[in-house]
Amino acid sequence: DPALAEPYYYRGIVHQRWSQNDKAIADYLKASEIDTERISYVLAAAEVMIAERQLDDARMLLLPKLAYFEHNAAMHELLGDIAALSGDPVAAAASYERATVIDPEAPLIGEKLVAVLFDSGEYQKCLDTARRQRERAAAAQATGKRFIPSRETMRHEGRSLNMLGRITEARIVFSDTVR
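The following paragraphs examine the structure supplied in this document. (Residues numbered from 1 in each chain as written. Predicted model: local features only at pLDDT ≥ 70, side-chain atom pairs only at ≥ 80, totals over all residues. Heavy atoms only, no water.)

1. Here's the deal with the overall build of the protein chain
Working step 1: Tallying secondary structure elements over the protein chain gives ten helices and zero strands in all.
Working step 2: Taken from N to C terminus, the helices and strands of the protein chain fall in the order α-α-α-α-α-α-α-α-α-α.
Working step 3: Counting only C-alpha atoms, the protein chain reaches 65 × 35 × 30 Å along its principal axes.
Working step 4: Working note: accessible area of the protein chain is about 10,200 Å², and carbon and sulfur atoms make up 53% of it.
Working step 5: On the protein chain, the mean spot of the 23 positive side-chain charges and the mean spot of the 27 negative ones are 7 Å from each other. (Helix = DSSP H or I, 4+ residues; strand = E, 2+ residues; numbered from the N terminus. Areas by Shrake-Rupley, 256 points an atom, 1.4 Å probe, with all protein chains shown as cover. Lys, Arg positive; Asp, Glu negative; His and termini not counted. Charge placed at Lys NZ, Arg CZ, Asp CG, Glu CD.)

Structural data, given as structure tokens:
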């Protein structure tokens, strides 16, 4: 039934798995045209566009939808990914910060935020965010959940301390990272 969005979406998944990304994007976009209320169709198209390095197309697809889906963390995360891949860590940080406000439990967004804050020279914010990641990991461990900040996040924490002139603290973080 050409009036249903789901078949286009699922066919897009198949095309994507077969590495027929242009066809996948077309199917995801068709699904989003039919059912404008489902953000997952738009996000799927944008993700494939980003993978294909069609960053401007992905940005132009997402930005008009932002007004309607402004409280969707994945939308802000993808915009952050686009900005990071475009070499704009400041814009990426702003998008990732919005995403973490919307979904503070998403650890991957926090890790991306740490990286772009360091890249943008926001060493104190990077340090604070990296430490929040550690605190979340400790709280998750206390409740029996498994969440470990990546070595990359710990490395950014140490590098931020170093850039802030706090060499002794940086050394401790680097030692913990190695352990």
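2. Digging into the packing of aromatic side chains
Given two aromatic rings, their pairing is described by the distance between the two centres and the angle made by the two planes.
Working step 1: For the coordinates displayed, the defined rule picks out five aromatic pairs.
Working step 2: A centroid spacing of 5.6 Å and a plane angle of 45 degrees characterise the contact between tyrosine 9 and tyrosine 28, whose relative ring orientation is tilted. Here tyrosine 9, found in helix 1 (residues 5-17), pairs with tyrosine 28, found in helix 2 (residues 21-34); they are 19 residues apart in sequence, far enough to count as distant.
Working step 3: Residue classification places tyrosine 28 among the buried residues on the basis of a relative accessible area of 1%.
Working step 4: Chaining the aromatic ring pairs together yields one cluster made of Tyr9, Tyr10, Tyr28 and Tyr41. (Phe/Tyr/Trp six-rings, centres within 6.5 Å; stacked < 30°, edge-to-face > 60°. Buried < 20%, exposed > 50% of the residue type's maximum accessible area, 1.4 Å probe, protein only.)

3. Topic: the pattern of salt bridges
Working step 1: Overall, the coordinates contain twelve salt bridges when judged by the stated rule.
Working step 2: Close ionic contact of arginine 131 with glutamate 157 constitutes a salt bridge, the shortest N to O distance being 3.1 Å. Highlighted residues: arginine 131 in helix 8 (residues 123-142) and glutamate 157 in helix 9 (residues 151-163), separated in sequence by 26 residues.
Working step 3: In this structure glutamate 157 comes out as buried when scored by relative accessible area, which is 3%.
Working step 4: A salt bridge links glutamate 169 to arginine 166; its shortest N-O distance comes to 2.9 Å. (Salt bridge = Lys/Arg side-chain N within 4 Å of Asp/Glu carboxyl O.)

4. Focus on the side chain of glutamate 77
Working step 1: Within the secondary structure, glutamate 77 sits in helix 5 (residues 73-85).
Working step 2: Once residues within four sequence positions are removed from consideration, glutamate 77 is found in contact with Tyr96, Ala99, Leu108, Ile109 and Lys112. (Contact = heavy atoms within 4.5 Å.)

5. Quick word on unusual backbone geometry
It is generally the case that most residues other than glycine have a negative phi and that most peptide bonds are trans.
Working step 1: Phi at serine 19 is positive, roughly 60 degrees, even though this residue is not glycine.
Working step 2: Topologically, serine 19 is positioned in the loop between helix 1 and helix 2.
Working step 3: Take serine 19: its relative accessible area is 60%, and that puts it in the exposed class.
Working step 4: If you check the backbone angles, arginine 53 has positive phi at about 65 degrees while not being a glycine.
Working step 5: Residue position: arginine 53 is located in the loop between helix 3 (39-51) and helix 4 (55-66).

6. With respect to the nonpolar core
Working step 1: Membership of the largest hydrophobic core comes to 21 residues, with the highest contact counts inside it found for Leu62, Met75 and Ile82.
Working step 2: Among the secondary structure elements, those contributing two or more residues to this core are helix 2, helix 3, helix 4 and helix 5.
Working step 3: If one sorts the elements of this core by residue count, helix 3 sits on top with nine residues.
Working step 4: Residues Ala92, Tyr96, Leu113 and Cys126 belong to the second largest nonpolar core, which totals 15 residues. (Core = buried A, V, L, I, M, F, W, Y, C linked by side-chain atoms within 4.5 Å.)

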